[in-house]
There are 2 protein chains.
Amino acid sequence: MTELEQYIKSYFGIVAIDDLKTIVTLFKTTTIKRGEFLLKSGKYCNKLSFVQSGLLRMFATIDDKEVTQWISTNGYFATDLSSFIFEKPSRWTIQALVDTELYSITKEDYKKIGNFVPKWNELEKLFLVRCFTILEDRVFSHLSMTAEERYNLFFENNKELFNQVPLHYIASMLGMTPETFSRIRKKQLL
Amino acid sequence: MTELEQYIKSYFGIVAIDDLKTIVTLFKTTTIKRGEFLLKSGKYCNKLSFVQSGLLRMFATIDDKEVTQWISTNGYFATDLSSFIFEKPSRWTIQALVDTELYSITKEDYKKIGNFVPKWNELEKLFLVRCFTILEDRVFSHLSMTAEERYNLFFENNKELFNQVPLHYIASMLGMTPETFSRIRKKQLL
DNA sequence: TTTTGCTCTTGACAAAAATCAAGAAATCAT
DNA sequence: ATGATTTCTTGATTTTTGTCAAGAGCAAAA
């Protein structure tokens, strides 16, 4: 199974191998260089991408401060779902933190998948509910956990990321300042 | 247009009137009394409900504390989406805060909608992305706003709720203690 | 009515997290 | 390699929020 086939499977669930191959043919590989933008806030998000290698950061700018909503690494997707589906301006900017290889599908091709894969609607639904659940977990973590607990939880599940991206982006994504992040980190390293 | 038709429209977007009428026939009205449970954590969520009148609270219990994730009022839906779609045990408990009238559809009937309404898949997708976006906003509010700012934003959009439910539930839903909530509230009332 | 329980507020205090400022360490561009 | 940036850490301090405890206000139940 190719990488992309695996990524898709992990988001969309069990997919018949023939369907999987059909879907994959609609994706194109593209590259974006460190610092370049996959999407800019206010623009229309017209493709859905999976990260093959590299790192993307999704953020919004508010009062001159950048708030990092998500960091996409190898195997994750990166898209403003709301903009992509509703075809409205994006609220997020997506920027490459390092040179990044992507598998991307255009909105146009995305719409066609249903013609080739009869079960597509069901798969897409599972995908969306999975995305929903991830956010539900995140909201819950803010209602019920301290900064330190959020740090620990995230660290356990994303150890690799801590050597790969500037830590203040992770701090922002977890809802704390870089200083607080650094102090918690020190405590855990002892 | 009936109430339920309006509710569905507000979540699913533009729906042809005939389709709307077809969908509505699959819902049944039920009543649940104050204190009773629509769903218990660990059980399977086998129906999707809209609140016609009354109030529901969705929460999880963690370390003897109840964390309120959402309060559903008139026109809102109330369901553990993840449990409903994936048919797995629910993480949430949903309880009526007062006697509550519901429009409910069973999972079984829900699955049939597609047979009667060809565009159903598209509508369902829009519904899910809308739910996703609501949570995306909530996560963002925790990354970029203080407790006071979250209070004000929520108050502006949900003034009525403040006379209808015990305020400590709203406090929990906004991620703060009842005491903090009370102090912020006092400040805003002056 | 009285009692009971729940909700909300308030104060005093403690803890958590943000801010400000400085400097060290690492990385990047030339 | 050098200098320029950016990232990360640390300390001092302030602000925000949580905790604990007590009491007031209300509403439901006896």
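Overview of the structure. (Residues numbered from 1 in each chain as written. Chains lettered and ligands numbered in written order. Predicted model: local features only at pLDDT ≥ 70, side-chain atom pairs only at ≥ 80, totals over all residues. Heavy atoms only, no water.)

This next bit is on the layout of surface pockets. The rolling of a water-molecule-sized probe over the atoms marks out the regions of remaining empty space. Taken as a whole, the largest pocket spans an internal volume of roughly 1,200 Å³. Along the wall of the largest pocket there are 43 residues; nearest its centre are Phe140(A), Ser141(A), His142(A), Ser144(A) and Met145(A). Of all the secondary-structure elements, those providing two or more residues to the lining of the largest pocket are β5 (65–73), α5 (120–144), α6 (147–157) and α7 (167–174) of chain A together with β4 (55–62), β5 (65–73), α7 (167–174) and α8 (178–189) of chain B. With 8 residues, the top contributor of residues to the lining of the largest pocket is α5(A). (1 Å grid on protein atoms, 1.4 Å probe; cavity = no way out; pocket = protein on both sides within 12 Å on 5 of 7 lines; lining within 4 Å. Points joined across faces, edges and corners; volume = space filled by probe spheres on them. Helix = DSSP H or I, 4+ residues; strand = E, 2+ residues; numbered from the N terminus.)

This next bit is on the protein's contact with DNA strand C. Neighbouring DNA strand C are 16 residues, the closest being Ala147(A), Thr180(A), Leu167(B), Arg183(B) and Arg185(B). Within 4 Å of the protein, the contacting atoms of DNA strand C are drawn from sugar and phosphate to the extent of 66%. Within the backbone of Ala147(A), an N or O atom sits 2.8 Å from a phosphate oxygen of DNA strand C. Per-element tally for the surface near DNA strand C: the top contributor is α8(B), with 5 residues. Grouping the constituent residues of the surface near DNA strand C by class yields 4 nonpolar, 5 polar and 7 charged. (Near = heavy atom within 4 Å. Polar contact = N/O pair within 3.5 Å; in protein donor to acceptor, adjacent residues only side chain to side chain. Nonpolar A, V, L, I, M, F, W, Y, C, P; charged D, E, K, R; others polar.)

Turning our attention to the protein's contact with DNA strand D. The local shell around DNA strand D holds 16 residues, among which Leu167(A), Arg183(A), Arg185(A), Ala147(B) and Thr180(B) are the closest. Sugar and phosphate atoms form 63% of the subset of DNA strand D atoms that lie within 4 Å of the protein. The backbone of Thr177(B) places a nitrogen or oxygen atom 3.2 Å from a phosphate oxygen of DNA strand D. Secondary-structure elements contributing two or more residues to the surface near DNA strand D are α7 and α8 (178–189) of chain A together with α8 of chain B. The element that contributes the greatest number of residues to the surface near DNA strand D is α8(A), accounting for 5 residues.

All names here are of chain B. Among the residues of helix α1 (residues 3–12), those classed as buried are Leu-4, Glu-5, Tyr-7, Ile-8, Tyr-11 and Phe-12. Looking down the long axis of α1, one finds its buried residues gathered within 160° of arc, a one-sided arrangement. Along its buried surface, α1 packs onto α2 (17–25), β3 (47–53), β6 (77–78), β8 (100–106) and α5 (120–144). Positive phi appears at Gly-13, one or two residues downstream of α1, with a value of about 85°. (Buried < 20%, exposed > 50% of the residue type's maximum accessible area, 1.4 Å probe, protein only. Arc of directions from axis to C-beta. Contact = heavy atoms within 4.5 Å.)

Superposing chain A onto chain B takes a rotation of 180° combined with a translation of 0.0 Å along the rotation axis, leaving an RMSD of 0.0 Å. The transformation just described matches what one would write down for a two-fold rotation axis. Interface residue correspondence from chain A to chain B reaches 100%, placing this contact among same-surface, isologous pairings. (Least-squares fit on C-alpha atoms with pLDDT ≥ 70 in both.)

In this structure the tally under the stated criterion is 22 salt bridges over all chains. For Asp137(A), the salt bridge identified is with Arg91(B), shortest N-O distance 2.8 Å. Taken together, the positions of Asp137(A) in helix α5 and Arg91(B) in the loop between α3 (81–86) and β7 (93–96) put the pair across two chains. For Asp137(A), a relative accessible area of 36% corresponds to the partly exposed category. (Salt bridge = Lys/Arg side-chain N within 4 Å of Asp/Glu carboxyl O.)

The next thing to look at is the interface of chain A and chain B. Counting residues at the interface gives 35 residues for chain A, matched by 35 residues for chain B. Between chain A and chain B lies a buried interface of about 3,400 Å² when both sides are counted; carbon and sulfur atoms form 73% of it. By the criterion of area lost to chain B, the three top residues of chain A are Phe132(A), Phe140(A) and Leu143(A), representing 19% of everything that side buries. The interface formed by chain A and chain B holds 6 salt bridges in total. Across the salt bridge formed by Glu136(B) and Arg91(A), the nearest N and O atoms sit 3.5 Å from each other. (Buried area = accessible area lost by both parts, 1.4 Å probe.)

Looking now at the nonpolar core. Formed by 96 residues in total, the largest nonpolar core has its most connected members in Phe50(A) and Phe50(B). Here Phe50(B) is in contact with Leu4(B), Tyr7(B), Ile8(B), Tyr11(B), Phe12(B), Phe27(B), Gly75(B), Tyr76(B), Phe77(B), Glu101(B), Leu102(B) and Tyr103(B), once residues within four sequence places are set aside. (Core = buried A, V, L, I, M, F, W, Y, C linked by side-chain atoms within 4.5 Å.)

Here we take up α6(A). Residues and elements named next belong to chain A. Considered for burial, the residues of α6 that qualify are Arg-150, Tyr-151 and Phe-154. Mapping the buried residues of α6 onto a view down its axis gives an arc of 105°, with all of them on the same face. Tucked inside the fold, the buried residues of α6 contact α5, α7 and α8.

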